[in-house]
Amino acid sequence: MGCGLRQTGRRMALIGIISDSHGEWLRTRDAIKLLNDRDCERLIHLGDVETNEVLDELAGHNVTMVFGNCDFVTRLLGHALELGIDVQHPAGTITVDGKRIAFLHGHDGNQFQEFVNDPSVDVVLYGHLHETRDDIVNNTRCINPGALHRASRYTVAVLDCGKDTLEFLEVDH
């Protein structure tokens, strides 16, 4: 599945969404390959990486990330920054194809509520629950890609910001 074209001829952005690697660096590698095969232009990791090996797998890709409740930020932050990973912790926002996308790990309910109550936010990406979700809360689309650890099936997601479509992909065990 590739990107569509706008009337301007510009490619629409596909965002690859990953969460809850919990040290599973080989599964993270497989997830990144799957998302790259779908032509994702940016990856967003929603936290609980837990190890430098997972960060090493994210290196060299256009990645933005937050840390999760299982991450020792003081141990991981320096390595992530050395690798050139865009860390926006504990939460961040980006704008893609005119959509304002907010993201966080998901264990901070107050931050989640701030995002869904903000009328300028179109999409909230979050992890933490280890299950896929695609819901509307206060007119805001809320997406959880699932997890790469402690889940009945390991999943990531692809958000097509131009077409406003979402696809969950299963990562092999």
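Residues numbered from 1 in each chain as written. Predicted model: local features only at pLDDT ≥ 70, side-chain atom pairs only at ≥ 80, totals over all residues. Heavy atoms only, no water.

### Section: the overall build of the protein
The cut-off we apply is this: Only DSSP runs of H or I reaching four residues or more are called helices, and only runs of E reaching two or more are called strands; each is numbered from the N terminus. The globule rule used for comparison is 2.2 Å times the number of residues to the exponent 0.38, while the radius of gyration itself is calculated over C-alpha atoms. We call two residues in contact when some of their heavy atoms are within 4.5 Å. Working definition of accessibility: Shrake-Rupley area with a 1.4 Å probe, residue cover restricted to the visible protein chains.
Along the backbone of the protein there are 4 helices and 11 strands. A compact globule built from 173 residues should have a C-alpha radius of gyration of about 16 Å, and the protein, at 15 Å, falls within 12% of that. Based on the C-alpha atoms only, the size of the protein along its principal axes is roughly 45 × 35 × 35 Å. For the protein, the share of sequence-separated contacts (at least 6 apart) that also reach a separation of at least 24 residues comes to 50%. With the model as given, the accessible surface of the protein reaches about 8000 Å², and the carbon-plus-sulfur share is 45%.

### With respect to unusual backbone geometry
Pro 90 follows His 89 through a cis peptide bond whose omega is 10°. The residue Pro 90 is located in the loop between strand E4 (86-87) and strand E5 (91-96) in this model. Even without being a glycine, Asn 139 presents a positive backbone phi close to 70°. When you line up the elements, Asn 139 lands in the loop between strand E8 (132-137) and strand E9 (140-145).

### Let's talk about the confidence of the model for the protein
How we decide: Confidence of the predictor in every single residue is expressed as pLDDT, which spans 0 to 100.
When pLDDT is averaged along the protein, the result is 92, and 92% of the positions lie at 70 or above. Segment residues 1-10 is flagged for pLDDT under 50; beyond a separation of four residues in sequence, or across chains, it makes 21 contacts in the model.

### Quick word on the pairing of strand E6 (residues 99-104)
Heads up, the condition is: Any two strands with at least two DSSP-identified bridges between them are counted as paired. Crossover handedness is defined by viewing with both strands directed away from the observer: a clockwise path from the first strand over the helix to the second marks the crossover as right-handed.
Summarising the sheet, E5 and E6 pair through 6 bridges and their orientation is antiparallel. Counted as the bridge partner of Thr 95 is Arg 100 from E6. What sits between E5 and E6 in their antiparallel hairpin is a turn of 2 residues, with Asp 97 showing a positive phi close to 50°. In this structure, E6 lies alongside strand E7 (residues 123-125), joined through 3 bridges in parallel fashion. By the bridge assignment, Ile 101 is partnered in E7 with Val 123. Each parallel crossover has a hand, and for E6 linked through helix H4 (residues 109-117) to E7 it is right-handed.

### Focus: the pattern of salt bridges
Heads up, the condition is: The rule for a salt bridge is simple: a side-chain nitrogen of Lys or Arg has to be within 4 Å of a carboxyl oxygen of Asp or Glu. Each residue is assigned to one of three classes by its accessible area relative to the maximum for its type, calculated with a 1.4 Å probe on protein chains only: buried under 20%, partly exposed between the two thresholds, exposed over 50%.
This model, assessed by the stated rule, comprises 9 salt bridges. A salt bridge links Arg 100 to Asp 118, with the nearest nitrogen and oxygen atoms 3.2 Å apart. Separated by 18 residues along the polypeptide, Arg 100 in strand E6 and Asp 118 in the loop between H4 and E7 bring together distant segments of the chain. Since its relative accessible area comes to 26%, Arg 100 is described here as partly exposed.

### Details of the sheet that holds strand E2 (residues 42-45)
Just so we agree on the cut-off: Axes, fitted as lines to C-alpha atoms, cover a helix only where it is in contact. Angles between the N-to-C directions of the axes lie from 0 to 180 degrees.
Pairing is mixed across the open sheet formed by 6 strands, whose spatial order is E4-E3-E2-E1-E10-E11. The sheet is open, and its two borders are formed by E4 and strand E11 (165-170), each paired with just one other strand. Sheet analysis places strand E1 (residues 14-18) next to strand E10 (residues 155-160), joined by 4 bridges and oriented antiparallel. Opposite Gly 16, over in E10, you have Val 158 as the bridge partner. Sheet strands in contact with helix H1 (residues 25-37) are E1, E2, E10 and E11, and its direction is about 25° off that of E10.

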